[in-house]
Amino acid sequence: MKALVLKDLRVLRPWWWLIVPGHMLFGSNGIFSPQTFFAMNVALAWAFTVILLIIEWTQDADRFTTSLPVSRDDVVRARYAEVLGAAVGATIVYALYGRVLFVFATERLLERWPDTRGWESVEGLVAFFLVVWLVSVAYLPFFFRWGLAKGTWLFLAGLAPVIVGGAAFIRWVSLPWTLADVAEVMGTAVTVVVALALAAALGWLSLCLSVRFYDRRDL
Amino acid sequence: MDSALELTGVGKCWGEFALRDVSFQLPPGYITGLVGPNGAGKTTLVKIVLDLVRADAGSVRVFGHDHRADGASLRSRIGFVHDRPTCYDHLAVQQLGALVGSFYATWDEETFQRLTREFELPSRRRVSALSRGMKVKLGLVLALSHRAELLILDEPTTGLDPVFRRELLERLSGLISDGRTSVLFSTQILTDLERIADFVVFLRRGEVLYEGVKDDLVDRWAVVRGGPEIGSELEALSVRGTRDTQMGIEALVEDLEAARRIFGERAVVEHATLDDVFLLLGATRDEEGRS
């Protein structure tokens, strides 16, 4: 599995230099709206996975990779490890943005952007990590079952109603909406532990599905 | 000694295409050519051996082991060149070598460097800038640099110029001289087979029509050409394919001497070439009529 992760890092090497300017260009673009900033950073974190998948797909790399002395299970596990690494890395970057902002911004400035306080709070960071992680683990079984093109379309077609319906339902029953809202009810520590446990469980379920799908697929 | 590769009753259904009951062995230290027209199932078979495609029936054993049960470790002993011979074309030759080498405990960097020089591959050039022939060379260098005992090549010579094809075939012939390396290569180019294959497997519409020693085919099989009246006499021979021609009938038979005895001067009986076998094996006169 380690060799597969290192392979992917090598494959992505020509694009490493894009990470910093990419963040500066897109991440900072949303700085005047915390929600946009949040979404931009999620998108950038997800770009790591997507760029890799696109490269693999356009190069027909499945055949090449699985002809190497690795098992298909290893291929899937490596992808999940990378996604986890990307989610953790992106969360750290997100926290660093918050740190920089709080070091350099004046009180007066922060008063104008009250929502930015979430960037440094535990709930805010956990929420960021959860979104990146959950979107990825929801998507990967589609990718491993149907490939990049069909898998992405089916994922988007399936995800949109879930998000819209889920959000509508939560609002309808007046459940706490954000992780910060939940933390106010349950306490920060319990909320974080429950959220991470749920993320781990969903990740595990997603991994099992992906392993099963990929094992049966003809390449 | 275990066969390098042994397929028994392998089957795969894929829409309208079906691979049926494919069985053959690849003895260690020999070159086997897998030959057949487009759509015969050559690439599917290569993919099944590499476990890229899952067979619906039958078994594949590599070096005596089930190819699925111990897939990863068996693949460390297999070198492959797919019909698209390389991957990650944005990397330089040297970088791709490092990437592939990291997967093999037996990777020999010195061999990689030496072969890169021998094949005149520019190590700093991006793979995408290489010609098809150069990519095949690179695929072969990658396959050889981890001391593979079984080389599986899917139509490696397609699209190559005659000079490089000859060079590649000579290289493959040289490889098996150690007695431990075996080669399975699929092709439609019969001169390649004639030049280097020890064994041949003829596939047509997903079925093996012949599997055996290439020289047996060339030495013993015959083509009989004659008027329509020879049709009934052919029944006395082991006929492997027939077709109607403007002159009458053309038939592929297994026994040259028997054909000469039966027909004497009434029909032309000649040694079958691989071209004849390719054209006639499995063909029927009914089929000709339909087409």
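Residues numbered from 1 in each chain as written. Chains lettered and ligands numbered in written order. Predicted model: local features only at pLDDT ≥ 70, side-chain atom pairs only at ≥ 80, totals over all residues. Heavy atoms only, no water.

Participant: Quick question: what am I supposed to make of the overall build of chain A here?
Facilitator: Of the regular secondary structure elements, chain A holds 10 helices and zero strands. Seen in sequence order, chain A has helices and strands lined up from the N terminus as α-α-α-α-α-α-α-α-α-α. Taking all 219 residues of chain A together, 40% fall into the buried category. Taking all contacts inside chain A whose residues are at least 6 apart in sequence as the whole, residues at least 24 apart take part in 73%. When the accessible surface of chain A is totalled, it reaches about 11,700 Å², and 73% of it is carbon and sulfur. (Helix = DSSP H or I, 4+ residues; strand = E, 2+ residues; numbered from the N terminus. Buried < 20%, exposed > 50% of the residue type's maximum accessible area, 1.4 Å probe, protein only. Contact = heavy atoms within 4.5 Å. Areas by Shrake-Rupley, 256 points an atom, 1.4 Å probe, with all protein chains shown as cover.)

Participant: Would you take a moment to explain helix 4 (residues 109-118) of chain B for this structure?
Facilitator: Since the α-helix advances by 3.6 residues per turn, residues separated by three or four positions end up pointing in the same direction. Residue and element names in this part refer to chain B. Every buried residue of helix 4 is listed here: Thr-111, Phe-112, Leu-115 and Thr-116. One face of helix 4 carries all of its buried residues, which in axial projection span an arc of 130°. Helix 4 presents Glu-110 and Arg-117 as exposed residues on the side facing more than 90 degrees away from its buried surface. Taken together, the buried residues of helix 4 touch helix 3 (93-101), helix 5 (132-144) and helix 6 (162-175). Between a side-chain oxygen at the N-terminus of helix 4 and the backbone nitrogen of Glu-110 the separation is 3.1 Å; the capping residue is Asp-108. (Arc of directions from axis to C-beta. Polar contact = N/O pair within 3.5 Å; in protein donor to acceptor, adjacent residues only side chain to side chain.)

Participant: Got a minute to help me understand the interface of chain B and chain A in this structure?
Facilitator: Interface size is often expressed as the accessible area that is lost when the parts come together. Taken together, the contacts link 28 residues of chain B with 29 residues of chain A. For the pair chain B and chain A, the two sides together bury roughly 2,600 Å², of which 58% comes from carbon and sulfur. When the area that chain B buries against chain A is broken down by residue, the three leading residues are Leu52(B), Tyr88(B) and Phe103(B), summing to 27%. The partner of Asp218(A) in a salt bridge is Lys12(B), and the shortest N-O contact between them spans 2.7 Å. Linking chain B with chain A are 17 residue pairs in polar contact (both at pLDDT 80 or more). Among the secondary structure elements, those contributing two or more residues to the side of chain B that touches chain A are strand 1 (5-14), helix 2 (71-75) and helix 3 of chain B. With four residues, the single largest contributor to the side of chain B that touches chain A is helix 3 of chain B. Residue composition of the side of chain B that touches chain A, by class: 14 nonpolar, five polar and nine charged. (Buried area = accessible area lost by both parts, 1.4 Å probe. Salt bridge = Lys/Arg side-chain N within 4 Å of Asp/Glu carboxyl O. Nonpolar A, V, L, I, M, F, W, Y, C, P; charged D, E, K, R; others polar.)

Participant: Looking at this structure, how should I read the packing of helix 4 of chain B against helix 5 of chain B?
Facilitator: For any two helices packed against each other, one specifies the inter-axial angle together with the distance between the axes. All names here are of chain B. Running from N to C, helix 4 and helix 5 cross one another at 155°; their axes reach a closest spacing of 9 Å. When the axes of helix 4 and helix 5 are compared, the pair comes out roughly antiparallel. In this structure, helix 4 crosses over helix 5, and the sense of that crossing is right-handed. Of the residues in helix 5, those in contact with Thr-111, Phe-112, Leu-115 and Thr-116 of helix 4 are Val-141, Leu-142 and Leu-144. Grouping the constituent residues of the contact of helix 4 with helix 5 by class yields five nonpolar, two polar and no charged. (Axes fitted to C-alpha atoms, helices over the stretch in contact; angles between N-to-C directions. Parallel < 35°, antiparallel > 145°, perpendicular 65-115°, else oblique. Left-handed = near helix turned anticlockwise from the far one by under 90°.)

Participant: How should I be thinking about the nonpolar core in this particular structure?
Facilitator: A general trend in soluble globular proteins is that nonpolar side chains are found buried together. The biggest cluster of nonpolar side chains holds 126 residues, and the ones touching the most others in it are Leu5(B), Tyr88(B) and Leu172(B). For this core, the element with the most residues is helix 7 (residues 122-146) of chain A, which contributes 12 residues. Sequence-distant contacts of Tyr88(B), defined by excluding residues within four places in its chain, comprise Lys7(A), Val11(A), Ile55(A), Glu56(A), Gln59(A), Ala61(A), Phe64(A), Thr65(A), Leu96(B), Leu99(B) and Val127(B). Residues Ala251(B), Leu256(B), Ala258(B) and Val269(B) belong to the second largest nonpolar core, which totals 14 residues. (Core = buried A, V, L, I, M, F, W, Y, C linked by side-chain atoms within 4.5 Å.)

Participant: What is the right way to look at the packing of aromatic side chains in this model?
Facilitator: Aromatic rings in a pair are described by how distant their centres are and how their planes are angled relative to each other. A complete count under the given rule lists 13 aromatic pairs over all chains for this structure. Residues Phe129(A) and Trp133(A) carry aromatic rings whose centres are separated by 6.4 Å and whose planes lie at 10° to one another, so their mutual orientation is stacked. Here the residue Phe129(A) and the residue Trp133(A) both occupy positions in helix 7, the gap between them amounting to four residues, near one helical turn. An identical accessibility class is assigned to Phe129(A) and Trp133(A); each is buried. Ring geometry for Phe142(A) versus Phe155(A): centroids 5.6 Å apart, planes at 65°, classification edge-to-face. Highlighted residues: Phe142(A) in helix 7 and Phe155(A) in helix 8 (residues 148-172), separated in sequence by 13 residues. The ring centre of Tyr214(A) lies 5.7 Å from the NZ or CZ of Arg72(A), which sits over that ring. Sitting over the face of the ring of Phe63(B), Arg77(B) holds its NZ or CZ atom 4.0 Å from the ring centroid. (Phe/Tyr/Trp six-rings, centres within 6.5 Å; stacked < 30°, edge-to-face > 60°. Lys NZ or Arg CZ within 6 Å of the ring centre and 35° of its normal.)

Participant: So what exactly am I meant to see when it comes to the sheet that holds strand 11 (residues 222-226) of chain B here?
Facilitator: Sheets are built from strands paired through backbone hydrogen bonds, the pairs being either parallel or antiparallel. All names here are of chain B. Strands sit in the order 12-13-11-14 across an open sheet of four strands; the sheet is antiparallel. The strands lining the two open edges of the sheet, one partner per strand, are strand 12 (239-244) and strand 14 (268-271). Here the strands of the sheet are splayed against their neighbours by 20° on average, with no regard to which way each runs. Where strand 11 meets strand 13 (residues 249-253), five bridges bridge the pair, whose relative direction is antiparallel. For Val-223, the partnering residue across the bridge sits in strand 13 and is Leu-252. Strands in contact with helix 9 (residues 256-263) are strand 11, strand 13 and strand 14; relative to strand 14, the strand with the most contacts, it is inclined by about 165°. (Pairing = 2+ DSSP bridges.)

Participant: So what exactly am I meant to see when it comes to helix 9 of chain B here?
Facilitator: Residue and element names in this part refer to chain B. Turning to helix 9, its buried residues are Leu-256, Ala-258, Ala-259 and Phe-263. Buried residues along helix 9 cover an arc of 160° about the axis, so they all sit on one side. As for helix 9, its buried residues are in contact with helix 8 (214-220), strand 11, strand 13 and strand 14. Positioned one or two residues after helix 9, Gly-264 has a phi angle of 50°, which is positive.

Geometric descriptors of this kind do not, in isolation, establish any biological role.
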